[in-house]
Amino acid sequence: MVTTVGNARGGGAQGGTVSDARAIAESVTDPELPMLTLSDLGVLRSVEVSADGGVTVTITPTYSGCPAMDAMRDDLRRSLHEAGYSTVDVRTVLQPAWSTDWITAAGRAKLSEHGIAPPGPARQRAAGPVPLTLQPLVRRVSCPVCGSPDTEELSEFSATACKALRRCRSCREPFEHVKEI
Amino acid sequence: MTTDHDSAYDSLADEHGGDARWAFGTGFDDPLSGVDTAVPDGVEPADLAAYSLMLADDALVMSQRLTQWCTNAPELEEEVALANIGLDLLGQARLLLARAGAADPTLPGRLAPDLPHEDALAYFRGPAEFRNVTLAEVDNGDFARSVARLLIFSTWRLALLDRLTSSRDAVLAAVAAKGVKEVTYHRDYAARWVVRLGDGTALSHERMSAGLNATWPYVEELFVSSDVEQRLAAADVGVDLAGLRAEFDDVIAQVLPPAGLVHPPPENTVDSAGRSGRHTEALVTLLAEMQGLARAHPEATW
Ligand SMILES: [Zn+2]
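What counts, and where the lines are drawn
- Residues numbered from 1 in each chain as written.
- Chains lettered and ligands numbered in written order.
- Predicted model: local features only at pLDDT ≥ 70, side-chain atom pairs only at ≥ 80, totals over all residues.
- Heavy atoms only, no water.
- Helix = DSSP H or I, 4+ residues; strand = E, 2+ residues; numbered from the N terminus.
- Rg over C-alpha atoms; globule rule 2.2 N^0.38 Å.
- Buried < 20%, exposed > 50% of the residue type's maximum accessible area, 1.4 Å probe, protein only.
- Pairing = 2+ DSSP bridges.
- Contact = heavy atoms within 4.5 Å.
- Buried area = accessible area lost by both parts, 1.4 Å probe.
- Salt bridge = Lys/Arg side-chain N within 4 Å of Asp/Glu carboxyl O.
- Polar contact = N/O pair within 3.5 Å; in protein donor to acceptor, adjacent residues only side chain to side chain.
- Nonpolar A, V, L, I, M, F, W, Y, C, P; charged D, E, K, R; others polar.
- Core = buried A, V, L, I, M, F, W, Y, C linked by side-chain atoms within 4.5 Å.
- Donors = N, O, S within 2.8 Å, 3.2 Å for Na, K, Ca; no water.
- Tetrahedral: all angles 85-135°; square planar, octahedral: opposite > 155°, others 65-115°.
- Phe/Tyr/Trp six-rings, centres within 6.5 Å; stacked < 30°, edge-to-face > 60°.
- Lys NZ or Arg CZ within 6 Å of the ring centre and 35° of its normal.
- Axes fitted to C-alpha atoms, helices over the stretch in contact; angles between N-to-C directions.
- Parallel < 35°, antiparallel > 145°, perpendicular 65-115°, else oblique.
- Left-handed = near helix turned anticlockwise from the far one by under 90°.
- Domains from an automatic or database assignment.

The helix and strand tally for chain B stands at 12 helices and zero strands. Starting at the N terminus, the α and β elements of chain B follow one another as α-α-α-α-α-α-α-α-α-α-α-α. Whereas a compact globule of 302 residues would reach a radius of gyration of roughly 19 Å, chain B reaches 20 Å, a difference of no more than 12%. By its C-alpha atoms, chain B is 65 × 60 × 30 Å across when sized along the principal axes. Per-residue burial over chain B gives 55% buried out of 302 residues.

Written out as structure tokens, the structure is:
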């Protein structure tokens, strides 16, 4: 028997209840955006505790090549082991693909506090081929330093797969922006 | 003071049991851990493995070419962009290599039985066993030639992945759905550079035009399906390459006029067939660089 998050509390033989296990998994942070928990980032898909106390955590990758995924799996296993869950299985689910729309409101607020502009809504696609965008998309991204809306994109690629590089035209500070995907 | 100067290196070389990694980005888990990799009905496992390998090799070889721009790109921003694009493609390659190994473990098992499938397939196949299209392997040339290649590659791959999202193989469909989002950014990046250079100075226009013409001969091959691709397309698992041509031509037609570039003549083509294992010498040197360390130290872990 498997108890899933959101259902009744499963009596874990080793560590604790499913809500305990979920709280631990939710508090693990992203190694590249350490101000965000996996829950804030929207990559934690489910936490289950079986009758014998084994924990199964399911996560979804952000980008196909994101090197943080392996570190996240390790951190999840370590945190749950330290809390007394001796059997921990971290599984991957690929579908549906992660979107920046899954970053929570709390996660967006934390990004802003740390000088990283949060993503806007992901591009909605009409039927037919993926449209080509020859001009940089006009995005309303406010400067996380001074709050000015007058910012420009320098590159859609930055220090990690998930971020773009922008500059504020008011205070001249460069800053990163979690790009919509 | 009794500092042991070897200790830092010892700690790197030690076995790190448990959950800790000695450095970020080291130690790789199976990227398909926990994913259902059952082969769909009516498909030969060997065919699915061969098809996954084709799509993986396109991404792996292209990724290796892109990372060769590290420390060589004209601007730091472009270096970061090209490396990020390469990283996305490497991630797609890892998933697809793992998918190939899960569908038919005999090939990785024969190559390197003790290694994860993705490592065995990436590091222990020779050039004739690679199935990437020739376009992915040819030399980078200058920046203009590299962005011409990236435009052609990502325009083709985006059209392919977009159709693959409805594959009957749930793993390929999921890898494709993620890849579509990523390659959309790659194609926009390349197209903007082609326009910027083509519509720039006389020198940048000349080099952009030369880069496009040097790359165009490898376009025809992109739309010729091998037997495996035809069988899997018929089984609604793969994609018929000929069906991608109209979308490809339409995108190129959106880029060349604002770039002030003339469409290369259709007779500008060569007889190439990477899907059947016929490759240029460029792949041999690329693989020597990519595989050398793993082959010299097959017992190494990182
Ligand atoms: Zn500012």
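Attention now goes to the pairing of strand 2 (residues 44-50) of chain A. Successive residues of a regular strand alternate their side chains across the two faces of the sheet. All names here are of chain A. Bridge count between strand 2 and strand 3 (residues 55-59): five bridges; the pairing is antiparallel. Across the sheet, residue V49 finds its bridge partner in strand 3, namely V55. The hairpin turn running from strand 2 into strand 3, its antiparallel successor, is four residues long, and G53 in that turn takes a positive phi close to 90°.

Attention now goes to the interface of chain B and chain A. Facing 47 residues of chain B, the contacting portion of chain A comprises 49 residues. Between chain B and chain A the total buried area reaches about 3,900 Å² when both faces are included, carbon and sulfur atoms providing 56% of it. Taken together, chain B and chain A are joined by four salt bridges. For D162 of chain B, the salt bridge is made with R125 of chain A, and the minimal N-O distance between the two is 2.7 Å. At the boundary of chain B with chain A, the tally comes to 16 residue pairs in polar contact (both at pLDDT 80 or more). Of all the secondary structure elements, the ones that give two or more residues to the side of chain B that touches chain A are helix 3 (76-103), helix 7 (143-164), helix 8 (170-198) and helix 11 (245-259) of chain B. Here the side of chain B that touches chain A gets 17 residues from one element, more than from any other, and that element is helix 8 of chain B. Class assignment for the residues of the side of chain B that touches chain A results in 24 nonpolar, nine polar and 14 charged.

What follows concerns the nonpolar core. With 97 residues, the main nonpolar core has Y51, W156 and Y189 of chain B as its most contacted residues. The biggest single contributor to this core is helix 8 of chain B, with 15 residues. If sequence neighbours within four positions are ignored, W156 of chain B has contacts with D58, V133, L222, F223, L241, L244, F248 and R275 of chain B. Listed in part, the 34 residues of the second largest apolar core include A21, V49, Y63 and A68 of chain A.

The next thing to look at is the coordination of the zinc ion. Residue and element names in this part refer to chain A. The protein atoms donating to the zinc ion are C143 (SG), C146 (SG), C168 (SG) and C171 (SG), with metal-donor distances spanning 2.3 Å. The coordination sphere of the zinc ion comprises four donor atoms, whose angles at the metal cover 105 to 116°; the geometry is tetrahedral. Here the donor residues of the zinc ion are spaced in sequence according to C-x2-C-x21-C-x2-C. On the accessibility criterion, C168 (0% relative accessible area) is buried. Among the residues examined, C171 registers a relative accessible area of 28% and is labelled partly exposed.

This brings us to the packing of aromatic side chains. Taken as a whole, this structure holds six aromatic pairs over all chains when the rule is applied. Each residue in the set W69, F143 and W193 of chain B is aromatic and connected to the rest through ring pairs, giving one cluster. Its end group placed over the ring of Y185 of chain B, R123 of chain A keeps NZ or CZ at 5.2 Å from the ring centre.

Turning our eyes to something else, we now look at the packing of helix 7 of chain B against helix 11 of chain B. All names here are of chain B. Two numbers describe how helix 7 lies on helix 11: the axes approach to 10 Å, and their chain directions differ by 140°. Here helix 7 is positioned oblique relative to helix 11, judged by the angle of their axes. Crossing hand, helix 7 versus helix 11: right-handed. Contacts between helix 7 and helix 11 involve L151, I152, T155, W156, A159 and R163 on the former and, on the latter, E247, F248, V251, I252 and V255. Here the contact of helix 7 with helix 11 is composed, by residue class, of eight nonpolar, one polar and two charged.

Let us look at the side chain of R65 of chain B. Residue and element names in this part refer to chain B. Locating R65 in the fold gives a position in helix 2 (residues 45-67). For R65, the side chain forms a polar contact with the side chain of D139, separated by 3.3 Å. Excluding residues that lie within four positions of it along the chain, R65 makes contacts with A136, E137, V138, D139, N140, R149, A282 and L286.

This part takes up the domain arrangement of chain A. All names here are of chain A. We note that the domain assignment places domain 1 (2-92) and domain 2 (100-122 + 136-178) within chain A. If you average the C-alpha positions of domain 1 and of domain 2, the two centres end up 28 Å apart. Taken together, the 12 residues of domain 1 in the interface contact 13 residues of domain 2. Together, the buried faces of domain 1 and domain 2 total about 1,100 Å²; carbon and sulfur atoms form 70% of this surface. Considering only the side of domain 1, the residues that lose the most area to domain 2 are L33, M35 and D40, jointly responsible for 47% of the buried surface there. Joining domain 1 to domain 2, the criterion identifies two residue pairs in polar contact (both at pLDDT 80 or more). For the side of domain 1 that touches domain 2, the leading source of residues is helix 2 (residues 38-41), giving three residues.

For the rest of this paragraph, the subject is the pairing of strand 8 (residues 174-178) of chain A. All names here are of chain A. By the criterion of burial, strand 8 is predominantly enclosed, with four of the five residues buried. Two strands pair when backbone bridges link them, and strand 5 (residues 116-117) and strand 8 are joined in this way by two bridges, in the parallel orientation. Across the sheet, residue A117 finds its bridge partner in strand 8, namely H177. The pairing of strand 7 (residues 163-168) with strand 8 spans five bridges and is classified as antiparallel. Following the sheet pairing, R166 is matched in strand 8 by F175. Here strand 7 folds back onto strand 8, and the loop between the two strands holds five residues, one of which, R172, carries a positive phi near 70°.

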